[in-house]
Amino acid sequence: MRLEKCYYCSSPVYPGHGTMFVRNDCKTFMFCRSKCNRNFKRKRNPRKAKWTKAFRKSSGKELAIDPAFEFEKRRYVPVKYDRELWQKNSCYYEESRGN
């Protein structure tokens, strides 16, 4: 289960919730509710809306450096496919099944 971040207010968007806006250049924007979607389409700056996380960070009300943010960044690192490792593991698997 992958949690997305709202592009406007940075709150989590759970699977099956929210709205996705896809621009002509194929950039996708995920929104948690219609309030965020409307403000984005009206070209309002999230740093000026007092209820967004961007405002809280820019005004010094919320921690900009937090260990939870670093953990969140590391969690979604894609694993690179390694053909040699895959073949080696499949050989061991076949040997163990043969015995």
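Please refer to the structure placed before this passage.
Colleague: Any details on the pairing of strand β3 (residues 19–22)? Residues and values, ideally.
Modeller: Where β3 lies against strand β4 (residues 28–31), four bridges are found, and the strand directions are antiparallel. In the strand pairing of β4, F21 is matched with F29. Hairpin remark: β3 followed by β4, antiparallel, with five residues in the connecting loop; positive phi at C26, about 70 degrees.

Colleague: Lay out the pattern of salt bridges with the relevant residues and their values.
Modeller: One pass over the structure, following the stated rule, counts two salt bridges. Taking the shortest distance from any N to any O, the salt bridge between E4 and R2 comes out at 3.7 Å. Residue class for R2 comes out partly exposed when judged on its relative accessible area of 48%. The salt bridge involving R23 is made with D25; its shortest N-O contact spans 3.2 Å. Take R23: its relative accessible area is 37%, and that puts it in the partly exposed class.

Colleague: Requested: an account of the packing of aromatic side chains, with residues and values cited.
Modeller: Taken as a whole and assessed by the stated rule, the structure comprises seven aromatic pairs. Summarising the aromatic geometry, the rings of F21 and F40 are spaced 6.0 Å apart at their centres and angled 65 degrees between planes, so their arrangement reads as edge-to-face. Pair noted here: F21 is in strand β3 and F40 is in helix α1 (residues 34–41), with a separation of 19 residues, a long-range link. For F21, a relative accessible area of 26% corresponds to the partly exposed category. We classify F40 as buried; its relative accessible area is 19%. Ring pairing ties together the aromatic residues Y7, F21, F29, F31 and F40, which thus form one cluster. Between the NZ or CZ atom of K35 and the centre of the ring of W51, over which it lies, the distance is 4.1 Å.

Definitions and cut-offs
- Residues numbered from 1 in each chain as written.
- Predicted model: local features only at pLDDT ≥ 70, side-chain atom pairs only at ≥ 80, totals over all residues.
- Heavy atoms only, no water.
- Pairing = 2+ DSSP bridges.
- Helix = DSSP H or I, 4+ residues; strand = E, 2+ residues; numbered from the N terminus.
- Salt bridge = Lys/Arg side-chain N within 4 Å of Asp/Glu carboxyl O.
- Buried < 20%, exposed > 50% of the residue type's maximum accessible area, 1.4 Å probe, protein only.
- Phe/Tyr/Trp six-rings, centres within 6.5 Å; stacked < 30°, edge-to-face > 60°.
- Lys NZ or Arg CZ within 6 Å of the ring centre and 35° of its normal.

What is shown is where atoms sit, not what they do.
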